[in-house]
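One-letter residues, chain by chain:
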Amino acid sequence: MSLVFDHVTLGQRVLFGSGRAAENLAAEVDRLGASRVMVIASQSEHSVAREVAAGIDVTVFHDDVAPHVPVTKADKARAAATENAIDLLVCIGGGSTTGLAKAVALTTGLPIVAVPTTYAGSEATNVWGLTEAAHKTTGVDDAVLPATVVYDAQLTLSLPVELSVASGLNAMAHCIDSMWAPRTDPINKALASEGIRALADGLPAIKADPHDVTGREQAQYGAYLSAVAFASAGSGLHHQICHVLGGAYDLPHAQTHATVLPYVLAFNAPAAPDAERRIAAAFGTGTASAGLNDLRVVLDAPRALKDCGLDEAAIPEAVERILPFVPDSNPRPVTSHDLETLLLAAHSGETPAGT
Ligand code: NAD
């Protein structure tokens, strides 16, 4: 069969190295010729941010960060950037912190250097998100893609194991959903396969020893690959489900992804033989679902949406909200009955069908 595809690779510099964040950040600020830097980091990320920013002149530290980037917080950060004549944004933290820097870049065009401290992967995408009145809006704009990402696995050592597992499975979801997302292509599938391998290698090592930097490096490398694949392939069925659940019912982002993923995989894999083969090969297991489920057992991963705060009574409404967003590219049709069955199983945490 001939190979025909159309792939866009986003332009971004990546500096990877444990213990090198401060040095790499200082070199990047210098290279970009920035003189008025705003560092965005939440209060809980503040001490790590001070350490990483030790080698640069900081004009202002901004710590008013909240999950899902409320518009009011975005406006406040934009005003701080303008009032201080900022010429470079540096975000040090998880996806919420990166998201706030992206919101500022969206309206100001300021470049971003991102220093991630979770495995969310927002730093490698051109996707932004803003929340107003419990409604989350997302969009795509190259202006929000960080110019540079500085990865330093030592910065994730303080991330508790439970959050590391959920965040790592959020990255795994980027990989698996990229196999059938609307704009997937062989390059995205290759990146996603290597991402699965790296995450399946790194996450158990973190669980066994949270201070193991080698495991954290593998997880961070896998998280980057997962986000590059996701940014290019777009949102598949899994992301559309989690987007609705997170936005409409205020569920925790990483935990929701970690919980829903095995149900979407069990639903789609029988109709997606190429994805099934690639995912199983990346895990080194007989089937894709066996690979994911074995990993989830080792990690003691989040199991049920009821534990994430989803009320069972909300499921019929959630089904109606999700249905219009089911991508045409999904390997099999999705009925409201299918979605309801999937969400009810994920809600109770029962073993995913077909595994
Ligand atoms: P988060 O950024 O909200 O962080 C979770 C918690 O962990 C926070 O309390 C944070 O302060 C803390 N934390 C972060 N790093 C830490 C560390 N090293 N040590 C100790 N504590 C630490 O959560 P997240 O899962 O990283 O990001 C989720 C957000 O990112 C969501 O809003 C999601 O929509 C967004 N996201 C966006 C994209 C995109 O492409 N735009 C991709 C993935 C996620």
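Residues numbered from 1 in each chain as written. Predicted model: local features only at pLDDT ≥ 70, side-chain atom pairs only at ≥ 80, totals over all residues. Heavy atoms only, no water.

Here the focus is the overall build of the chain. Counting its regular elements, the chain contains 14 helices and eight strands. Over its C-alpha atoms the chain spans a radius of gyration of 20 Å, differing by no more than 12% from the 20 Å that the globule rule assigns to 355 residues. Dimensions of the chain along its principal axes, counting C-alpha atoms only, are 55 × 45 × 40 Å. When each of the 355 residues of the chain is scored for burial, the buried share is 54%. Sequence separation of 24 or more characterises 74% of the internal contacts of the chain that already satisfy a separation of 6 or more. Working note: accessible area of the chain is about 14400 Å², and carbon and sulfur atoms make up 52% of it. Averaging the coordinates of the 22 positive side-chain charges in the chain and doing the same for the 39 negative ones gives two points 2 Å apart. (Helix = DSSP H or I, 4+ residues; strand = E, 2+ residues; numbered from the N terminus. Rg over C-alpha atoms; globule rule 2.2 N^0.38 Å. Buried < 20%, exposed > 50% of the residue type's maximum accessible area, 1.4 Å probe, protein only. Contact = heavy atoms within 4.5 Å. Areas by Shrake-Rupley, 256 points an atom, 1.4 Å probe, with all protein chains shown as cover. Lys, Arg positive; Asp, Glu negative; His and termini not counted. Charge placed at Lys NZ, Arg CZ, Asp CG, Glu CD.)

Our focus in this paragraph is the pairing of strand β6 (residues 127–132). Bridge analysis of β6 against strand β7 (residues 135–140) gives six bridges, and the strand direction is antiparallel. The residue bridging Val 127 from the neighbouring strand is Val 140, located in β7. Between β6 and β7, which pair antiparallel in sequence order, lie two residues; one of them, Ala 133, sits at a positive phi of approximately 45°. (Pairing = 2+ DSSP bridges.)

Let us look at the pairing of strand β4 (residues 88–93). The buried fraction of β4 amounts to six of the six residues, a majority that puts the element mostly inside the structure. Along β4, one buried face is formed by Leu 88, Val 90 and Ile 92 and the opposite face, lined by Leu 89, Cys 91 and Gly 93, is buried too. Where strand β2 (residues 37–40) meets β4, four bridges bridge the pair, whose relative direction is parallel. Looking across to β4, one finds that Met 38 is bridged to Leu 89. Bridge analysis of β4 against strand β5 (residues 112–116) gives five bridges, and the strand direction is parallel. Counted as the bridge partner of Gly 93 is Pro 116 from β5. Regarding the hand of the β-α-β motif, the stretch spanning β4, helix α4 (residues 95–108) and β5 is right-handed. (Right-handed = clockwise from strand over helix to strand, strands pointing away.)

Counting 59 residues, the largest nonpolar core has Met 172, Ile 241, Leu 245 and Leu 343 as the members making the most contacts within it. Other than its neighbours up to four places away in sequence, Leu 245 contacts Asp 250, Leu 251, Thr 256, Val 260, Leu 305, Leu 310, Ala 318 and Leu 343. Formed by 23 residues, the second largest nonpolar core is a distinct cluster that contains Ala 80, Ile 86, Leu 100 and Ile 112. (Core = buried A, V, L, I, M, F, W, Y, C linked by side-chain atoms within 4.5 Å.)

The local shell around the ligand holds 20 residues, among which Ser 96, Thr 117, Thr 118, Thr 125 and Lys 136 are the closest. Within the side chain of Glu 45, one N or O atom sits 3.3 Å away from an oxygen atom of the ligand. Measuring from a nitrogen atom of the ligand, one finds a side-chain N or O atom of Ser 122 at 3.5 Å. For the ligand, the accessible surface in isolation is 870 Å², of which the surrounding protein chains cover 80%. Split by residue class, the shell around the ligand holds five nonpolar, 12 polar and three charged. (Near = heavy atom within 4 Å. Polar contact = N/O pair within 3.5 Å; in protein donor to acceptor, adjacent residues only side chain to side chain. Nonpolar A, V, L, I, M, F, W, Y, C, P; charged D, E, K, R; others polar.)

This paragraph deals with the packing of helix α5 (residues 161–178) against helix α8 (residues 237–249). Where α5 meets α8, the closest approach of the two axes is 8 Å, and the angle between their N-to-C directions is 135°. The angle between α5 and α8 falls in the class oblique. On the side of α5, the interface is formed by Ala 173, His 174 and Asp 177, while α8 contributes Leu 237, His 238 and His 239. (Axes fitted to C-alpha atoms, helices over the stretch in contact; angles between N-to-C directions. Parallel < 35°, antiparallel > 145°, perpendicular 65-115°, else oblique.)

Read across the sheet, six strands follow the order β1-β8-β5-β4-β2-β3 without closing on themselves; strand pairing throughout is parallel. At either end of the open sheet lies a strand with only one pairing partner, and these are β1 (13–16) and β3 (58–62). On average, each strand axis in the sheet is inclined to that of its neighbour by 15°, with strand direction left out of account. In this sheet, strand β8 (residues 148–151) lies alongside β5 in parallel orientation, the contact comprising two bridges. Of the residues in β8, the one forming a bridge with Ala 114 is Val 149. Against the sheet, helix α1 (residues 21–31) contacts β1, β2, β4, β5 and β8, and its axis sits at roughly 165° relative to β8.

This part is about the domain arrangement of the chain. Domain boundaries in the chain define domain 1 (13–156) and domain 2 (161–348). Taken together, the 19 residues of domain 1 in the interface contact 25 residues of domain 2. For the pair domain 1 and domain 2, the summed buried surface comes to about 1800 Å²; carbon and sulfur atoms form 63% of the total. Interface area lost by domain 1 to domain 2 is led by Phe 16, His 68 and Tyr 119, which between them contribute 36%. One can count zero salt bridges joining domain 1 with domain 2. In this assembly, domain 1 and domain 2 are joined by five residue pairs in polar contact (both at pLDDT 80 or more). For the side of domain 1 that touches domain 2, the secondary-structure elements that each account for two or more residues are β1 and β7. (Domains from an automatic or database assignment. Buried area = accessible area lost by both parts, 1.4 Å probe. Salt bridge = Lys/Arg side-chain N within 4 Å of Asp/Glu carboxyl O.)

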